[in-house]
Amino acid sequence: MMQFNFFFKLLRESFRDLLPIILVILFFQLAIIQNVPEGWLGTAIGLGIVGVGLAIFLQGLEIGVFPVGEGLARDFAKSGWITWILIFGFLIGFGTTIAEPALAVIADKAASISSGRIDSTILRFVVAGSVGFAILLGVFRIIKGHPIHYYIIIGYLLVVGVTFFAPKEIIGLAYDLGGVTTSTVTVPLVAALGIGLASNIKGRNPVIDGFGLIAFASLTPMIFVQIYGIAVYNLVDAVAVTDVLIDATVSTPTEVSLSGVVSGLVSVVKDVVPILVIILFFQYAVLKKPIQNIKTVFLGFILVIFGLYAFILGLEMGLFSLGETMAYQLTKSESVLMIYAFAFAIGFSTTMAEPALVAIAKKAKEISDGKINDFALRLFVALGVAIGIALGAFRIVDGGHIHYYIIVGYIVVIILTFIAPKYIIPIAYDSGGVTTSTVTVPLVAALGIGLATNIEGRDPLIDGFGLIAFASLFPMITVMVYGILIEKLEVKSNTQIEEEELLHDKLVDADNMELATVNIDGSSIRHSLSLEFSAVVIIVPSDKKVDAITAAHKAGASGVTVLNADGIGLEEMANFYRTSFEAKDVVLLFLLPKYLVNEVIKSVIHSLHITTTGKGVAFAFPLSHMKGISLTKEDIFKERAYQVNLNKNNPMKCVGDEIEDDFEDNSEIRTDTK
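Residues numbered from 1 in each chain as written. Predicted model: local features only at pLDDT ≥ 70, side-chain atom pairs only at ≥ 80, totals over all residues. Heavy atoms only, no water.

Within the protein chain, the secondary structure is distributed over 23 helices and seven strands. Looking at the protein chain as a whole, 53% of its 674 residues are labelled buried. Of the contacts made within the protein chain by residues no fewer than 6 positions apart, 82% connect residues no fewer than 24 positions apart. Summed over all atoms, the accessible surface of the protein chain reaches about 30400 Å², with 62% contributed by carbon and sulfur. (Helix = DSSP H or I, 4+ residues; strand = E, 2+ residues; numbered from the N terminus. Buried < 20%, exposed > 50% of the residue type's maximum accessible area, 1.4 Å probe, protein only. Contact = heavy atoms within 4.5 Å. Areas by Shrake-Rupley, 256 points an atom, 1.4 Å probe, with all protein chains shown as cover.)

Glancing now at a nonpolar patch on the surface. A surface patch of nonpolar side chains, amounting to about 670 Å² of accessible area, comprises Trp81, Trp84, Ile87, Phe90, Leu91, Phe133, Phe224 and Phe281. Among the elements that line the nonpolar patch, the one with the most residues is helix α3 (residues 82–98), at four residues. When you line up the elements, phenylalanine 224 lands in helix α9 (residues 213–235). The class for phenylalanine 224 is partly exposed, based on a relative accessible area of 31%. (Patch = residues over 30% accessible without salt bridge, like charges linked within 9 Å, V, L, I, M, F, W, Y side chains within 5 Å. Salt bridge = Lys/Arg side-chain N within 4 Å of Asp/Glu carboxyl O.)

All right, on to the environment of proline 206 then. By secondary structure assignment, the location of proline 206 is in the loop between α8 (186–200) and α9. A C-alpha to C-alpha distance of 7.9 Å links proline 206 and glycine 194, two positions twelve residues apart in sequence. Not counting the four nearest positions on each side in its chain, proline 206 is found in contact with Ile195, Ala198, Ser199, Phe211 and Ile367.

To continue, consider the packing of helix α6 (residues 148–163) against helix α16 (residues 425–434). Each packed pair of helices is defined by two parameters, the angle between the axes and the distance between the axes. Viewed as axis vectors pointing N to C, α6 and α16 meet at an angle of 35°, and their least axial separation amounts to 10 Å. Seen along the crossing, α6 lies across α16 with a hand that is left-handed. Across the interface between the two elements, Ile148, His149, Ile152 and Tyr156 of α6 pack against Ile425, Pro426 and Tyr429 of α16. For the contact of α6 with α16, a count of residues per class yields six nonpolar, one polar and no charged. (Axes fitted to C-alpha atoms, helices over the stretch in contact; angles between N-to-C directions. Left-handed = near helix turned anticlockwise from the far one by under 90°. Nonpolar A, V, L, I, M, F, W, Y, C, P; charged D, E, K, R; others polar.)

It is worth spelling out helix α21 (residues 594–608) at this point. Helix length check: α21 (15 residues) gives 22 Å between terminal C-alpha atoms against 21 Å at 1.5 Å per residue, within 8%. Where α21 is concerned, the buried positions are Tyr595, Leu596, Val597, Val600, Ile601, Val604, Ile605 and Leu608. In the stretch just after α21, histidine 609 is the one whose phi turns positive, near 55°. (Expected span 1.5 Å × (residues − 1).)

On to the sheet that holds strand β7 (residues 627–631), then. Pairing between the strands of a sheet is mediated by backbone hydrogen bonds and can be parallel or antiparallel. Reading across the sheet, the three strands line up as β2-β1-β7 and stay open at both edges, with mixed pairing between neighbours. Two strands bound the open sheet, and with one partner strand each, they are β2 (526–529) and β7. In this sheet, neighbouring strand axes are inclined to one another by 40° on average, regardless of whether the strands run parallel or antiparallel. As paired elements, strand β1 (residues 516–520) and β7 share four bridges and run parallel to each other. Following the sheet pairing, valine 518 is matched in β7 by isoleucine 629. (Pairing = 2+ DSSP bridges.)

Of note in this structure, histidine 609 is not a glycine but carries a positive phi near 55°. Locating histidine 609 in the fold gives a position in the loop between α21 and β6 (617–623). You will see that histidine 625, though not glycine, has its phi angle at about 55°, which is positive. For histidine 625, the position within the fold is in the loop between β6 and β7.

Let's shift gears to the pairing of strand β3 (residues 533–541). With respect to burial, β3 is a largely interior element, nine of its nine residues being buried. Bridging between β3 and strand β5 (residues 584–593) involves nine bridges; their strand directions are antiparallel. Each bridged residue has a counterpart across the sheet, and for valine 537 the counterpart in β5 is leucine 589. In terms of strand pairing, β3 meets β6 through seven bridges, oriented antiparallel.

Right, let's get into the packing of aromatic side chains. For the structure shown, the criterion picks out 15 aromatic pairs. Aromatic side chains tyrosine 156 and tyrosine 410 sit 4.0 Å apart centroid to centroid with 10° between the ring planes, which places their arrangement in the stacked category. Taken together, the positions of tyrosine 156 in helix α6 and tyrosine 410 in helix α15 (residues 402–417) put the pair 254 residues apart, joining distant regions of the chain. Each member of the pair, tyrosine 156 as well as tyrosine 410, is classed as buried. Here phenylalanine 281 and phenylalanine 282 contribute two aromatic rings whose centre-to-centre distance is 5.3 Å and whose plane-to-plane angle is 90°, an arrangement assigned as edge-to-face. For phenylalanine 281, a relative accessible area of 41% corresponds to the partly exposed category. Take phenylalanine 282: its relative accessible area is 0%, and that puts it in the buried class. Among the aromatic side chains, those forming a connected cluster through ring pairs are Trp84, Phe88, Phe281 and Phe282. (Phe/Tyr/Trp six-rings, centres within 6.5 Å; stacked < 30°, edge-to-face > 60°.)

Glancing now at the pattern of salt bridges. Tallying each qualifying case throughout the model produces six salt bridges. Taking the shortest distance from any N to any O, the salt bridge between lysine 289 and aspartate 75 comes out at 3.0 Å. Of this pair, lysine 289 sits in the loop between α10 (258–286) and α11 (294–331) while aspartate 75 sits in helix α2 (residues 40–79), and the two are 214 residues apart along the sequence. By relative accessible area, aspartate 75 is classed as buried at 11%. When the shortest N-O distance is used, the salt bridge between lysine 594 and glutamate 532 registers 3.3 Å.

It is worth spelling out α6 at this point. Over its 16 residues, α6 runs 23 Å from end to end, which matches the ideal 22 Å to within 8%, given 1.5 Å per residue. By the burial criterion, the buried members of α6 are Ile148, His149, Tyr151, Ile152, Ile153, Gly155, Tyr156, Val159, Val160, Val162 and Thr163.

Moving on to the side chain of threonine 350. Position of threonine 350 relative to the elements: it lies in helix α12 (residues 336–352). The class for threonine 350 is buried, based on a relative accessible area of 2%. A distance of 3.4 Å separates a polar atom in the side chain of threonine 350 from the backbone oxygen of glycine 347. (Polar contact = N/O pair within 3.5 Å; in protein donor to acceptor, adjacent residues only side chain to side chain.)

Put into structure tokens, the structure is as follows:
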């Protein structure tokens, strides 16, 4: 039942996401073009299938792709096999990219544009190899903990530097290739791999370190393809080929038939199978560990296949052809402002419906503890795509060189990188790679080629491409602006909100002996709360005092009382943990919330080897009537969470009701000040 409720929730959200596309189409078709499109009923049915397919796809990701990706990352992190992790990253990038249908189409186009110099098969291997290298490099960065912006800035400098040497015929295509190499299935798996590694490697933050792999996969193809273009244009002679002409043609709506459905499903399976083969090989041959809940995982992958196919089928049942027709009709009009308005609107609406972006935004919200709002993040990404495509359309109309626009965009990104909060930067970089996927690419490509075909003096081979590059660049800018706004508006995470609500109106009731009275964050106002404390006593030789305090502090202890202690001097009595009478000891007394006790004792006994070769005694006992201790809001929140969790696991404990009542009813707590 829970899964069905979750599916219906996704279904509602999917149709909400499709609403902008419907509104854009209706406005431009009826108000601007002023005619009712043929086959509108098929388009309407197709949109319904798109909504259902998107919901099925997202459900499959949640129960299949994300768990297996994060599980693999967790097992790799625990194994410490860095080489195998890097190989896995390379194969995931290479194997999924080489099978990308959009890449095959663009590679064939590049072969035609280059007068036979570029071989389409070699180009696909170059792009796939660059994506594999990108994922490998991104995994290496997570393992080492290097800041992502150093890698990205160096990458930008390489892209710009190579651009001035690359033949003009492939610059736009090379930029566009950076946006089409991360498929709808690859993006969630790569994101799960990065987040899983960052969550299981000590010292890594899943928000700051977990994202960024997709950004690498979008950046490296632009470098590798331009280098390949430089090589072939200098080393390979042009062959006699017929003139290539890109016509501004419009695709026709797909007719639904049994053979077409089977063919479509087979095509999607071909995209997913390489991922499954790589996962199964590493899971069973390298890690030699079975996949947990394997039936659920395979069900998730099956849902991904059927959901993605339904999504694509719905788009092909009229939406693609209708959008392309509108793009071509508008490019022939005399109003350039209307062209820019359509470019902005179609960029915004299609991005809001991108399944890869929906998945990434949900994951960003989850691991940021709610500080990043998934819907707001998608709005800012869609705004960036809209601005990018509108500006790209202006470039085609104006006739400017693409690399000047890209260079200025990169400069803005670099400046914002040093201003935006750290947690938003990797997410912003990744946003550029997930915005140009199943929905956006066909409509954007149609708009670019249509403009370059119908404007005098423009070459569709050189000027018609590049809009995808703009659609990948500007979301990075808008998402970093979103992060800056979060900080300016002091948006809090769920945990921060709960911590503040926990203390609301619970001022001092010092005479109530059932409550602990504490100072909060060193302020002059005290609070009386239902908290449990314990005393942890550590008795160690004097020369181990600093080591013991350091170990306790690492585990969360924030204060200690140090007492000198001598061994007992009677000859007939031995010291209670060793026989030396001359030894000088110290007694370390820690007064701690109960949730810290286990961690502090573990840290001390392991650091000083008390249970093996070291000397010392550690013990704890509960405290009552605690008055006057100082705690942080975080301490109080964690202690409450510990108590609630303890009571869930031990339902017979009668104190559970008292804790829950204290959460919900503050009516008996009086207020006062110190």
